[in-house]
Amino acid sequence: MGETLTIRLTVNGKAYDRPVEPRLLLSDFLRHDLHLTGTHVGCEHGVCGACTVLLDGEAVRSCLVFAVQADGAEISTVEGLATPSDGSGIPHPEDADLHPIQAAFRESHGLQCGFCTPGILMTLVPFLEENPDPDEEQIREALSGHLCRCTGYQNIVTAVRLAADRMAT
Amino acid sequence: MKPAPFRYVRPSSVDEAISVLAAEGYGAKPLAGGQSLIPTMNFRLAQPAVLVDIDRLDELRGIRDGGGDGATNGLYIGAMTRHSELERSAVVRDRAPLLAEAMPWIAHPQIRNRGTMGGSLAHADPAAELPAVMLALDARIHLRGPAGDRTVQFCDFCTGFFSTALAPDELVTGVEIPPLPAGTGTAFLEISRRQGDFALVGVCAVVTLDAGGVCTRASLTLLSVGDGPVCAKTAEDALRDRTLTPDAVRDAGEAVATIDIDPPADIHASAAYRRQLARVLTARALDTAARRAAGA
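Since this is a predicted model, take the numbers as computed values, not measurements. (Residues numbered from 1 in each chain as written. Chains lettered and ligands numbered in written order. Predicted model: local features only at pLDDT ≥ 70, side-chain atom pairs only at ≥ 80, totals over all residues. Heavy atoms only, no water.)

### Some points on the overall build of chain B
Stage number 1. Each helix and strand counted, chain B has twelve helices and 14 strands in total.
Stage number 2. Taken over the C-alpha trace, chain B has a radius of gyration of 19 Å; the compact-globule value for 296 residues is 19 Å, and the two agree within 12%.
Stage number 3. Burial statistics for chain B: of 296 residues in total, 54% are counted as buried.
Stage number 4. Counted over contacts in chain B with a minimum sequence separation of 6, partners at least 24 positions apart contribute 62%.
Stage number 5. Of the roughly 12,000 Å² of accessible surface on chain B, a fraction of 52% belongs to carbon and sulfur atoms.
Stage number 6. For chain B, the distance from the average site of its 30 positive side-chain charges to the average site of its 35 negative ones is 6 Å. (Helix = DSSP H or I, 4+ residues; strand = E, 2+ residues; numbered from the N terminus. Rg over C-alpha atoms; globule rule 2.2 N^0.38 Å. Buried < 20%, exposed > 50% of the residue type's maximum accessible area, 1.4 Å probe, protein only. Contact = heavy atoms within 4.5 Å. Areas by Shrake-Rupley, 256 points an atom, 1.4 Å probe, with all protein chains shown as cover. Lys, Arg positive; Asp, Glu negative; His and termini not counted. Charge placed at Lys NZ, Arg CZ, Asp CG, Glu CD.)

### Considering the environment of H45 of chain A
Stage number 1. Counting through the fold element by element, H45 of chain A comes out in the loop between helix 1 (26-33) and strand 3 (52-55).
Stage number 2. With 16 residues separating them along the chain, H45 of chain A and R61 of chain A place their C-alpha atoms 8.9 Å apart.
Stage number 3. Those residues in contact with H45 of chain A that sit more than four places away from it in its chain are C63 and L64 of chain A together with P39 and F43 of chain B.
Stage number 4. A polar side-chain atom of H45 of chain A sits 3.1 Å from the main-chain carbonyl oxygen of C43 of chain A. (Polar contact = N/O pair within 3.5 Å; in protein donor to acceptor, adjacent residues only side chain to side chain.)

### Thoughts on the side chain of N113 of chain B
Stage number 1. With respect to the element layout, N113 of chain B can be found in the loop between helix 6 (109-112) and helix 7 (117-123).
Stage number 2. Within the local environment of N113 of chain B, its side chain forms a polar contact with the backbone oxygen of A59 of chain A, the two atoms lying 2.9 Å apart.
Stage number 3. Not counting the four nearest positions on each side in its chain, N113 of chain B is found in contact with E58, A59 and V60 of chain A together with R82, S84 and R88 of chain B.

### Details of the sheet that holds strand 2 (residues 28-31) of chain B
All names here are of chain B.
Stage number 1. A sheet is described by the order of its strands in space; here three strands give the open sequence 1-3-2, paired in parallel fashion. Of all strands in the sheet, those with a lone pairing partner are strand 1 (7-9) and strand 2, marking the two edges. Strand-to-strand twist across the sheet, computed as the mean angle between neighbouring axes with direction ignored, equals 25°.
Stage number 2. Strand direction decides the pairing type here: strand 1 and strand 3 (residues 50-53), joined by three bridges, are parallel. In the strand pairing of strand 3, Y8 is matched with L51. (Pairing = 2+ DSSP bridges. Axes fitted to C-alpha atoms, helices over the stretch in contact; angles between N-to-C directions.)

### Considerations on the domain arrangement of chain B
Residues and elements named next belong to chain B.
Stage number 1. By the assigned domains, chain B splits into domain 1 (7-53), domain 2 (58-177) and domain 3 (184-295).
Stage number 2. For domain 1 and domain 2, the distance between their C-alpha centres works out to 19 Å.
Stage number 3. Buried surface at the junction of domain 1 and domain 2, both sides included, amounts to about 1,200 Å², of which 72% is carbon and sulfur.
Stage number 4. The three residues of domain 1 that bury the most area against domain 2 are V14, I18 and Q35, which together make up 44% of that side's buried surface. (Domains from an automatic or database assignment. Buried area = accessible area lost by both parts, 1.4 Å probe.)

### Considering the layout of surface pockets
Stage number 1. Empty space within the second largest pocket amounts to approximately 550 Å³.
Stage number 2. Considering the residues around the second largest pocket, the lining is formed by 23 residues, among which F127, E130 and N131 of chain A together with P109 and R112 of chain B are closest to the centre.
Stage number 3. Here the lining of the second largest pocket is composed, by residue class, of seven nonpolar, nine polar and seven charged. (1 Å grid on protein atoms, 1.4 Å probe; cavity = no way out; pocket = protein on both sides within 12 Å on 5 of 7 lines; lining within 4 Å. Points joined across faces, edges and corners; volume = space filled by probe spheres on them. Nonpolar A, V, L, I, M, F, W, Y, C, P; charged D, E, K, R; others polar.)

### A few points about the side chain of T116 of chain B
Residues and elements named next belong to chain B.
Stage number 1. Relative to the helices and strands, T116 is located in the loop between helix 6 and helix 7.
Stage number 2. Side-chain polar atoms of T116 contact the backbone nitrogen of G119, separated by 3.0 Å.
Stage number 3. Excluding residues within four positions of it along the chain, T116 makes contact with A32, G33, D55, A79, M80, T81, R82 and H83.

### Focus on the nonpolar core
When a protein is soluble and globular, its nonpolar side chains tend to lie buried together.
Stage number 1. In this structure, L99, M134, I141 and I177 of chain B are the most contacted members of the largest nonpolar core, which totals 50 residues.
Stage number 2. The element contributing the most residues to this core is helix 8 (residues 129-136) of chain B, with six residues.
Stage number 3. Sequence-distant contacts of M134 of chain B, defined by excluding residues within four places in its chain, comprise L99, M117, L121, A139, F154, V175 and I177 of chain B.
Stage number 4. Grouped together as the second largest cluster of nonpolar side chains are 34 residues, L30 of chain A together with L37, I38 and A46 of chain B included. (Core = buried A, V, L, I, M, F, W, Y, C linked by side-chain atoms within 4.5 Å.)

### Considerations on the pairing of strand 12 (residues 199-209) of chain B
On a regular strand, one side chain projects to one face of the sheet and the next to the other, so that they alternate.
Residues and elements named next belong to chain B.
Stage number 1. Of all eleven residues making up strand 12, eleven are buried, and the element is well covered by its neighbours.
Stage number 2. Pairing between strand 11 (residues 184-192) and strand 12: nine bridges, direction antiparallel. Bridge pairing links I191 to V201 in strand 12.
Stage number 3. What sits between the antiparallel neighbours strand 11 and strand 12 is a turn of six residues, in which G196 has the positive phi angle 90°.
Stage number 4. In this sheet, strand 13 (residues 215-223) lies alongside strand 12 in antiparallel orientation, the contact comprising eight bridges. By the bridge assignment for strand 13, A205 is matched with L220.
Stage number 5. Taken together, strand 12 and the strand that follows it, strand 13, pair antiparallel across an intervening segment of five residues, in which G213 is found at a positive phi of about 85°.

Structure below.
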């Protein structure tokens, strides 16, 4: 292992202080060092969108950011979306406190295997904040940075629209 | 871990970054937004020994209207300004509408949230939108190295396939875009396989009309048809002092496709298909720019 640098950052509101090799990608830091495996790794060159997280509130590819670059940043991952009532950190499917976007995906069958879903959810959080009433074209454009091999996207579009309606009320 | 090991340096000023680059030589690379460099490193196509992280240098960030650092009354954009900042900027929409129109075509929002203007210009991908836009707008690029600052006209900056006039110990600090003359309209068009993919062909059109509707200057710049952004000089010359009738517009598309470009064939498109796209997109972009010029 080469030289390490110590980074300080918060992930889902929790502060961490960790030594990292400069070449460690943020995606691998989240998965291997923090054991937050909800952030998925697909292509690892910025095409598939599975590793999308929020860096200081903006959606980014965590496979195209070195962990050292996130020093001092606030990161949000899919694990931070739901607020489980039992304190387990893992939202139960019957739990009522899924994030409205997660609940809409479940209800609309907006996922099948679920591999691409965490990245898509993270893209949608800032997207729906900026576009609370998106039309279908805007939704499809927002999803364009994500590859889904199961759904054909149709139910994802439906889920986004449902989430927008729920979050507006 | 996918990338090869490297040493990471995060300088606190541009001058410090340059002295690190000068000391390390060819083994060092500046790290801007990383949206082209990091995938290349993930494939181990690039294995720099040292990365000099310039992404947090605030002196390289920002959009300044009028004057900037240069001699003209233009728009100055700092090199580390992110694509998403340019995309949202009202000043850019007002002063450089061609740049504003091109921004949404650059990859996906997640990439635009990290990628920087200076990084894209220094990378000089022949399929990239920003080099073509800067060439079309006759921008001047600002560079700084151990010997100090210098500016280069953008047409002299792009020297070939992924190649620029930038020395290994120099940084792009910004660009200066001159104001558009009165009666000028611009248009950007591109075709890609899917939303956010690299362009198969893209066209920038800048048209200036006099009071009688005669074209006094036309600029046509294409991307993804050569080693870098390509100026369609034959078509531009043929448009000068002409009224942009449907025939003139069609002739310009024909001249671009058959004389001005020699597009590559690759897995994405044949050369013949690129010529056809260039023919059609040039005519459309020219027509749109001329309409906008007439209304300007």
